[in-house]
Amino acid sequence: MIFSRRDFIRTAGIAFGAAATLPSWVLDAQAMTAAYLEVNKNALADAALSTAKRLGASYADIRINRYRLEAINSRERQIQNVSSGQNFGFGVRVLINGTWGFAGSPIVTLDEVKRVTTEAAAIAKANASITKKKIELVPTPKVTANWKSSFERDPFDIPTEEKTAWLLKLNEAALSVKGINFVNSQLAFVNEQKFLATSDGSRIDQYIIRTNPSFTATAVGKGDFQSVNSLREPQQIGYEYLSKHDWAAEAKLAAEHAVMKLSAPSVTPGKYDLVLHPSHLFLTIHESVGHPTELDRALLWEANYAGTSFLTPDKTGKLQFGSKMVNFVADRTQPQGMATVGYDDEAVPGQSWHLVKDGVFVDWQTTRDTAKLVGKNKSYGCLHADSWGSVPFPRMPNVSLTPSKDAVTQDDLVAGVDKGILIYGRGSYSIDQQRYNFQFGGQTFWEIKNGKVAGMLRDVAYQSRTTDFWGSLDGLGGQATYEVPGSPNDGKGEPGQSNAVSHGCPPARFRQINVLNTASGTGAGQMMEDHE
Amino acid sequence: MLLTEAEVKALTLKILGMVKADDASASVGSNKQSHLRFAANNVLTSGTRGGRNANVTVWIGGKRGSASTNDLDDANLRAMVDQAEKIASTSPPDREYVPTLSKQTYRPTSGYVEATANLSLADRARQIGAILAEFEKAGVIGAGFHSANSQTGGSATKNGNFDYERSTGVGLSVTARTPDGTSSGYFLRSHHDIAKLDTMRIAREAIRKAVEGKNARAIEPGVYTVVLEPQAVADLLGGFGFGFFNARTADEGRGIFSAPGGKNKLGEKIFDERISIYSDPWNAELPGSQSSQGGIPAQMVKMVENGVLKNLVYNRYWAQQKKVDPTPGPVNTIIESNGPTQTLEQMIASTDRGILVGRFWYIRQTDPRTASSTGLTRDGVWMIENGKIAYPLKNFRFNQSTVKMLAPGNVLAMSKPERVGSSEGGGGSLLPAMKLKEFNFTSQSEAV
């Protein structure tokens, strides 16, 4: 479930029986200094693991993590806020009598580690009495490793004034467009410094950087207003992301499109062929492919919140998920992918594997405590916690759509459409709890007439059913059209946790999809789907 | 683990003592959370965590910087202040700077209950164990989430204000599914007082809905009269608050309450005349914070009265620009009827043909100009015929404008409000069940 990208730095309250919208560590602190808190991680780990063993744990792990966040917000010709912060703490997980117990603390001392481990064990023991089925872990090799994500310039080493100047220049480019009234922009940087020690003997250090520039340009017309957001998404990359693209030119173009949207014709509802740009398609992949292939959902572990899945273990290797051109690969090694890691939060190495092969659903996203339940003897490494204080649980890897082997361009896809719509950017996303029925909007919409892009449209959303939709895919862009967009705020679990994840994809073409008009507030044109 | 008022005061004053800037505010908080999550009739995860944080915002020559940390020793607090001052010194001027508040007087609210803060792990295990047994007895597959939290915190300003408060919360949500996967029921309640949380009632309501929802029929989507249970109302309207009633957004021409010429719709009758929407920090069932918008003493604020938009939310900067007082809220959301109320049962009994909805899910805005959203029903939808619940229905997707939904003539009945939280998040509100003349279901959903 995807939250607004502007929530990347916004503090939110935790609700009962529901999810928070941010990584839990953001709830505790937003932003600060580079002074590293020196602790003897190995000695603390030894204390946690030996205490857990003494208290009867068959497995235990400790994560000692430090998170840094810097965020700068601006609007028009002013910087609204610059904040930086750090959050440091540890979490201990123990498995006793087949039942998990967890406890976490921001006080990183030897005594506190022993106290917290004892507390985690007490929780496991209290709950073991009501456990009906014991948790069993598949094995994973012992490893000692030090892993760093790929980046050229650490954003936390760049002076604030360089960042604020970059944002104000971006805003100026948007404001140079006649008719534009507002521009909001933001830079956010995340650094995760993670240490993991397990009772299997693994000791792993990881250092991860993510960079998230974003903006929104808004034009106000007569009794109307329209906005266009940046089409580029955050990535696991350094400050160099800001110089890899001409962001100011994109902001100007977005502003022009926002003004254009005010007078663009409202879409006529009906069936259209769609060509979906990667800046839009990635979230459709996230919702309709990423989530239903999470094994914990199929096992009903998410039934109370995020939901279950229309995919079930008996459909593995049998269900026709999409057309034969459709291949989805889960990948924790993908460059710039925000879910890319050296190792997951239980020491399983990053790897890649097919979820959908030649259109057929073939495999799941697994962890050490779910793999065995579908007859696997190893995990694909999907365990993740968004904070030292959060319980690690199954989270989505990068799930990416394989491009065509041929050098197909987006224009080639458009050329094959008589009556269609080309969609860019992420808009409104909604999908049911088993991932059948979805309705997605976008940022900009372009009418396709007789194989060519005509004028802009507005008020477009499309509604479909997952397997029908992917079954209608009949065109994919080639490698040169492939991009790796991602979302920093994938919400799941209770208590709610946030995951950063990417979905590489080329543009793709879908035939005869139901398009509705969102302006009327009634979803006019949508009453034509019947899947019973 | 939770910081006392004296500790918070000492820490915030210590931070301010380190500040060299012209103006500053410092805040310090602490919290404790614990949970037990269960699924597939089994315990899934359970844990506790403590947290604390400090934050400082400084202004040097009208330039602003902000920093935070979760390590509260002197060296880290000093590093935090240095960082904020370094940021301020290299930032452009803060054009929206308003001096921090001088000493304010707060009227305390009552959102902290010791028994909630000191929840017993053994008691919780026993209660959830009883619920797991209830699932087995009813022949359903159950899942749920029990969580409790407590927090204390406060802030101080260089101009002499200090504000401290504490609160607690506990909640339980339960989903029950039939083993064949064709029916699902859900129930959620939360409170600040653990004594008011009836855990077995929550489980039994979820189980009842799952059992009664078997053999659901599919009917054509379309415009129907609906009766919305308080949970469904919370899912749709629980997010009413600062964002929805933001004055600046309206004045800038980019909100639902914008009027031409840089004006807004204050004073206009927008909603059905029986609707009142307000915030009350001292409501015994739903205590709010004693301070709003970073320190303004909270007061009761009527946003909508008799269907008329009475207030928008002005922050201190925008209030200064518009020469009005900043809004002392909202700190919670209460929607109630000005006129006579009906019970849910009376609403059903007075309906010839309509749909009863227990919960909505994955609600996302599709058009900010009309406050339109899409989303789906989930975990319990029923056909009402001739004043009775006739049979369960399969789920729908809807596309609906919130404003049109509550417009004059579309609200047929409201119940007395009760405390309920959105199932997608957002905390508790006091909300009624509602009977609406027209609601737009736009496609079927086969999801259970």
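Heads up: the structure comes first, above all this text.
The following refers to the structure shown. Small disclaimer: the values here were computed from a predicted structure and weren't measured. (Residues numbered from 1 in each chain as written. Chains lettered and ligands numbered in written order. Predicted model: local features only at pLDDT ≥ 70, side-chain atom pairs only at ≥ 80, totals over all residues. Heavy atoms only, no water.)

1. A closer look at the overall build of chain B
Each helix and strand counted, chain B has 10 helices and 25 strands in total. Its C-alpha radius of gyration of 24 Å places chain B within 12% of the 22 Å reference for a compact globule of 448 residues. Here the C-alpha coordinates of chain B stretch approximately 70 × 60 × 35 Å along the principal axes. Out of the 448 residues belonging to chain B, those deemed buried represent 65%. Total accessible area on chain B stands at roughly 15,800 Å², and carbon and sulfur atoms take up 48% of it. (Helix = DSSP H or I, 4+ residues; strand = E, 2+ residues; numbered from the N terminus. Rg over C-alpha atoms; globule rule 2.2 N^0.38 Å. Buried < 20%, exposed > 50% of the residue type's maximum accessible area, 1.4 Å probe, protein only. Areas by Shrake-Rupley, 256 points an atom, 1.4 Å probe, with all protein chains shown as cover.)

2. Focus on the interface of chain A and chain B
Counting residues at the interface gives 106 residues for chain A and 108 residues for chain B. For the pair chain A and chain B, the summed buried area comes to about 8,600 Å², and 50% of that belongs to carbon and sulfur atoms. Remark: the boundary between chain A and chain B carries five salt bridges. Among the salt bridges present, the one from Asp224 of chain A reaches Arg369 of chain B, with a minimum N-O distance of 2.8 Å. On the surface where chain A and chain B come into contact, there are 39 residue pairs in polar contact (both at pLDDT 80 or more). Grouping the constituent residues of the side of chain A that touches chain B by class yields 44 nonpolar, 44 polar and 18 charged. Judged from the three bridges that link them, strand S3 (residues 99-105) of chain A and strand S2 (residues 42-60) of chain B form a sheet pairing that is parallel. In the sheet register, Ala103 of chain A faces S2 of chain B, and the bridge partner there is Thr48 of chain B. (Contact = heavy atoms within 4.5 Å. Buried area = accessible area lost by both parts, 1.4 Å probe. Salt bridge = Lys/Arg side-chain N within 4 Å of Asp/Glu carboxyl O. Polar contact = N/O pair within 3.5 Å; in protein donor to acceptor, adjacent residues only side chain to side chain. Nonpolar A, V, L, I, M, F, W, Y, C, P; charged D, E, K, R; others polar. Pairing = 2+ DSSP bridges.)

3. A short note on the environment of Ser443 of chain B
With respect to the helices and strands, Ser443 of chain B occurs in strand S25 (residues 434-445). Between the C-alpha atoms of Ser443 of chain B and Glu336 of chain B, which are 107 residues apart in sequence, the distance is 31 Å.

4. Here's the deal with unusual backbone geometry
Note the cis peptide between Glu494 of chain A and Pro495 of chain A, where omega equals -5°. Turning to its location among the elements, Pro495 of chain A is positioned in the loop between strand S22 (486-492) and strand S23 (497-502). The omega torsion across Gly329 of chain B and Pro330 of chain B is 0°, close enough to zero to call that bond cis. Along the chain, Pro330 of chain B falls in the loop between helix H8 (316-322) and strand S15 (334-337). A positive phi is found at Ala347 of chain A, a non-glycine position, where the angle reads about 75°.

5. What about the layout of surface pockets?
Residue and element names in this part refer to chain B. By volume, the largest pocket amounts to about 480 Å³. In terms of lining residues, the largest pocket is bounded by 24 residues, among which Glu229, Pro230, Leu344, Glu345 and Glu418 are the most central. When residues of the lining of the largest pocket are traced back to their parent elements, those giving at least two are strand S6 (184-191), helix H5 (199-212), helix H6 (230-237) and helix H9 (344-349). At five residues, the largest contribution of residues to the lining of the largest pocket is made by H5. A breakdown of the residues in the lining of the largest pocket according to their chemical character gives nine nonpolar, five polar and 10 charged. (1 Å grid on protein atoms, 1.4 Å probe; cavity = no way out; pocket = protein on both sides within 12 Å on 5 of 7 lines; lining within 4 Å. Points joined across faces, edges and corners; volume = space filled by probe spheres on them.)

6. Some words on the sheet that holds strand S11 (residues 360-361) of chain A
Residues and elements named next belong to chain A. The antiparallel open sheet is built from four strands, whose spatial order is S11-S10-S9-S14. The strands lining the two open edges of the sheet, one partner per strand, are S11 and strand S14 (398-401). Pairing of strand S10 (residues 352-357) with S11 involves two bridges; the strand directions are antiparallel. Pairing of Val356 across the sheet is with Phe361, part of S11. Against the sheet, helix H7 (residues 278-290) touches strand S9 (328-331) and S14, its axis set at about 115° to S14. (Axes fitted to C-alpha atoms, helices over the stretch in contact; angles between N-to-C directions.)

7. A closer look at the packing of helix H1 (residues 5-18) of chain B against helix H2 (residues 74-90) of chain B
Each pair of packed helices can be described by the angle between their axes along with the distance between the axes. Residues and elements named next belong to chain B. Where H1 meets H2, the axes come as close as 9 Å, and the angle between the chain directions of the two elements is 50°. Between H1 and H2, the angle falls in the class oblique. In this structure, the crossing between H1 and H2 has a hand that is right-handed. Here Leu11, Lys14, Ile15 and Met18 of H1 lie close against H2, whose contacting residues are Asp74, Leu77, Arg78, Met80 and Val81. (Parallel < 35°, antiparallel > 145°, perpendicular 65-115°, else oblique. Left-handed = near helix turned anticlockwise from the far one by under 90°.)

8. Regarding the nonpolar core
The biggest cluster of nonpolar side chains holds 65 residues, and the ones touching the most others in it are Phe328, Leu401, Ile421, Tyr462 and Trp470 of chain A. Among residues more than four places away in sequence, those in contact with Trp470 of chain A are Leu281, Thr284, Ile285, Ser288, Val289, Phe321, Gly322, Ser323, Val326, Phe328, Leu401 and Phe510 of chain A. By size, the runner-up hydrophobic cluster in this structure holds 53 residues, among which are Ile275, Trp318, Phe398 and Met414 of chain B. (Core = buried A, V, L, I, M, F, W, Y, C linked by side-chain atoms within 4.5 Å.)

9. Some words on the pattern of salt bridges
As enumerated under the stated definition, the model contains 52 salt bridges over all chains in all. Where Glu134 of chain B meets Arg204 of chain B, a salt bridge forms, and the shortest distance between an N and an O atom there is 3.0 Å. Taken as a pair, Glu134 of chain B in helix H4 (residues 121-138) and Arg204 of chain B in helix H5 lie far apart in primary sequence, 70 residues in all. Note on Arg204 of chain B: relative accessible area 45%, which makes it partly exposed. A salt bridge links Asp379 of chain B to Arg378 of chain B, with the shortest nitrogen-to-oxygen separation between them at 3.2 Å. An identical accessibility class is assigned to Asp379 of chain B and Arg378 of chain B; each is buried. Where salt bridges share partners, they join Arg75 and Glu76 of chain A together with Glu96, Arg248, Glu252 and Arg254 of chain B into one cluster.

10. Considering the packing of aromatic side chains
Residue and element names in this part refer to chain A. This model, assessed by the stated rule, comprises 36 aromatic pairs over all chains. Measuring from ring centre to ring centre gives 6.4 Å for Phe321 and Phe328, while their planes differ by 75°; the resulting arrangement is edge-to-face. Across the pair, exposure class does not vary: Phe321 and Phe328 are buried alike. Note on Phe328 and Trp470: the rings are 5.0 Å apart at their centroids and 90° apart in plane angle, and the pair reads as edge-to-face. (Phe/Tyr/Trp six-rings, centres within 6.5 Å; stacked < 30°, edge-to-face > 60°.)

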